[in-house]
There are 2 protein chains.
Amino acid sequence: MAQCTVYGPAYSTYTRSVLLTLEEKGVPYTLEHVDLFDGSNKGAAHLARQPFGKVPAFEHGDIALYEAVPIMFYIDGAFGGPSLQPADVVERARMLQVISIINGYAYSAWITNILFPRVVTPMLGGACDEEQIKSALPLAQCSVKALNDIVDGHKFCAGDTLSLADLHLAPVYDYLSRTPDGEALLQDAPNLTRWWAHMRERPSVVKTSPKLG
Amino acid sequence: MAQCTVYGPAYSTYTRSVLLTLEEKGVPYTLEHVDLFDGSNKGAAHLARQPFGKVPAFEHGDIALYEAVPIMFYIDGAFGGPSLQPADVVERARMLQVISIINGYAYSAWITNILFPRVVTPMLGGACDEEQIKSALPLAQCSVKALNDIVDGHKFCAGDTLSLADLHLAPVYDYLSRTPDGEALLQDAPNLTRWWAHMRERPSVVKTSPKLG
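Remember, it's a predicted structure, so these values are computed and weren't measured experimentally. (Residues numbered from 1 in each chain as written. Chains lettered and ligands numbered in written order. Predicted model: local features only at pLDDT ≥ 70, side-chain atom pairs only at ≥ 80, totals over all residues. Heavy atoms only, no water.)

*Asks:* Looking at this model, I keep getting lost on the layout of surface pockets. Mind explaining?
*Replies:* The method is simple in principle: a probe with the dimensions of a water molecule rolls over the atoms, and the space it marks as empty is what remains. The volume enclosed by the second largest pocket comes to roughly 340 Å³. Lining the second largest pocket are 17 residues, with Pro51(A), Tyr66(A), Gln97(B), Asp149(B) and Ile150(B) positioned closest to its centre. Residue assignment for the lining of the second largest pocket shows that the elements contributing at least two residues are helix H2 (44-49), strand S3 (57-60) and strand S4 (63-66) of chain A together with helix H4 (89-123) and helix H5 (130-151) of chain B. (1 Å grid on protein atoms, 1.4 Å probe; cavity = no way out; pocket = protein on both sides within 12 Å on 5 of 7 lines; lining within 4 Å. Points joined across faces, edges and corners; volume = space filled by probe spheres on them. Helix = DSSP H or I, 4+ residues; strand = E, 2+ residues; numbered from the N terminus.)

Structure (structure tokens):
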């Protein structure tokens, strides 16, 4: 059977969402590391897979895809194991809404403008830009509230079964929750913290947990 | 039967993608104008529908959604008419990949950084920022090439039948093609220009065509 190969670094949230999908489906895979800090993502080999120089990229036999969301949907549709898309049309829309909120708002606020200045830049020897974090807090907070509202009354993001929305949210939530800024924001998000309390125990989430610093 | 209401301005590309979906499915709807230039999108009435102050938002009976992609998938799943999602798992992934390329790269390059400075700002009495456009050209060109490669050999974005990818691409492509910068970029995109030559004739595309200026 054709192998699945994921190209990207284990510390990338979008790469981790794809790994989580493979783990939850029980699909074996190889992770080929493509580093974002040494310029490998802008090298010719990776640009041939992903013309924008981003991660992840994915191959399964002669199927080649890039961008996390289409890769996740492909894996869910192409392999057996539990379905990661709700059958109900409203729950499917909620799943896609959570994914859109992450890609459109939460990622930039939580990762680019909180995790990077607070954790990544200092790890690389730079100074934390407090202004960058402060400017991002309203959008970060709005994203927390919007997602907390959607999870209200459900075990998972899009209803009572695990879906791709949970696997897209887990990596960004995990990083946000490791910052003091995120800890403060999440104090007002009881539904999300309850969701994370059981998500973080899943074998897929434990197995793909990235080390920072 | 419950009415469909779309909240947003007809000139917004994301709003137009939702209107195109409704038109292609043959679903009646009401468009409630929410203006992006007079601050209506940041007013309390709209923030109750869309907490980030963006467009579109959508209601169908007691179902309330925001963000174009989940709304489009909801409409396709909730109503009869032609399916706008391919049955084949690879074609579905291509559909989602096109949508991801638009949301992740093409929209900012084509709309925020070409259409706005070239057309919208001058319409409002300001000066065109040529540097802004120049800086955006590499990403704009990479997006054109990536989408042109995906359409290669097919009538539509995700195969030989119309899908949500075409309805997501049409509004941003339409605006790009109306700028001299876009005209130049699209000279190297024969698959996309062939695609647009038939897309632009569709009644849904003609009916929702926004006037600029």
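Following the structure, the description resumes.
*Asks:* What am I meant to see in the interface of chain B and chain A here?
*Replies:* One frequently used descriptor of interface size is the decrease in accessible area upon assembly of the parts. Contacts between the two partners involve 29 residues from chain B, matched on the other side by 29 residues from chain A. Together, the buried faces of chain B and chain A total about 2500 Å²; carbon and sulfur atoms form 73% of this surface. Applying the counting criterion to the chain B and chain A interface returns 0 salt bridges. At the boundary of chain B with chain A, the tally comes to 8 residue pairs in polar contact (both at pLDDT 80 or more). Mapped by element, the contributors of at least two residues to the side of chain B that touches chain A are strand S4 (63-66), helix H3 (68-78), H4 and H5 of chain B. Looking at the side of chain B that touches chain A, the element that brings in the most residues is H4(B), giving 10 residues. Among the residues forming the side of chain B that touches chain A, the class breakdown is 20 nonpolar, 5 polar and 4 charged. (Contact = heavy atoms within 4.5 Å. Buried area = accessible area lost by both parts, 1.4 Å probe. Salt bridge = Lys/Arg side-chain N within 4 Å of Asp/Glu carboxyl O. Polar contact = N/O pair within 3.5 Å; in protein donor to acceptor, adjacent residues only side chain to side chain. Nonpolar A, V, L, I, M, F, W, Y, C, P; charged D, E, K, R; others polar.)

*Asks:* Is there a simple way to explain the environment of Ala10(B) in this structure?
*Replies:* Following the sequence through the fold, Ala10(B) ends up in the loop between strand S1 (4-7) and helix H1 (13-25). With 46 residues separating them along the chain, Ala10(B) and Pro56(B) place their C-alpha atoms 9.8 Å apart.

*Asks:* Help me understand unusual backbone geometry, please; the structure alone is not making it clear to me.
*Replies:* Residue and element names in this part refer to chain A. Residue Pro 56 follows Val 55 across a cis peptide bond; omega there is 0°. Residue placement: Pro 56 occurs in the loop between H2 and S3. Backbone geometry at Glu 67 places phi at a positive 85°, although glycine is not the residue there. Of note, Glu 67 is situated in the loop between S4 and helix H3 (68-78). Judged by its relative accessible area of 14%, Glu 67 is buried. (Buried < 20%, exposed > 50% of the residue type's maximum accessible area, 1.4 Å probe, protein only.)

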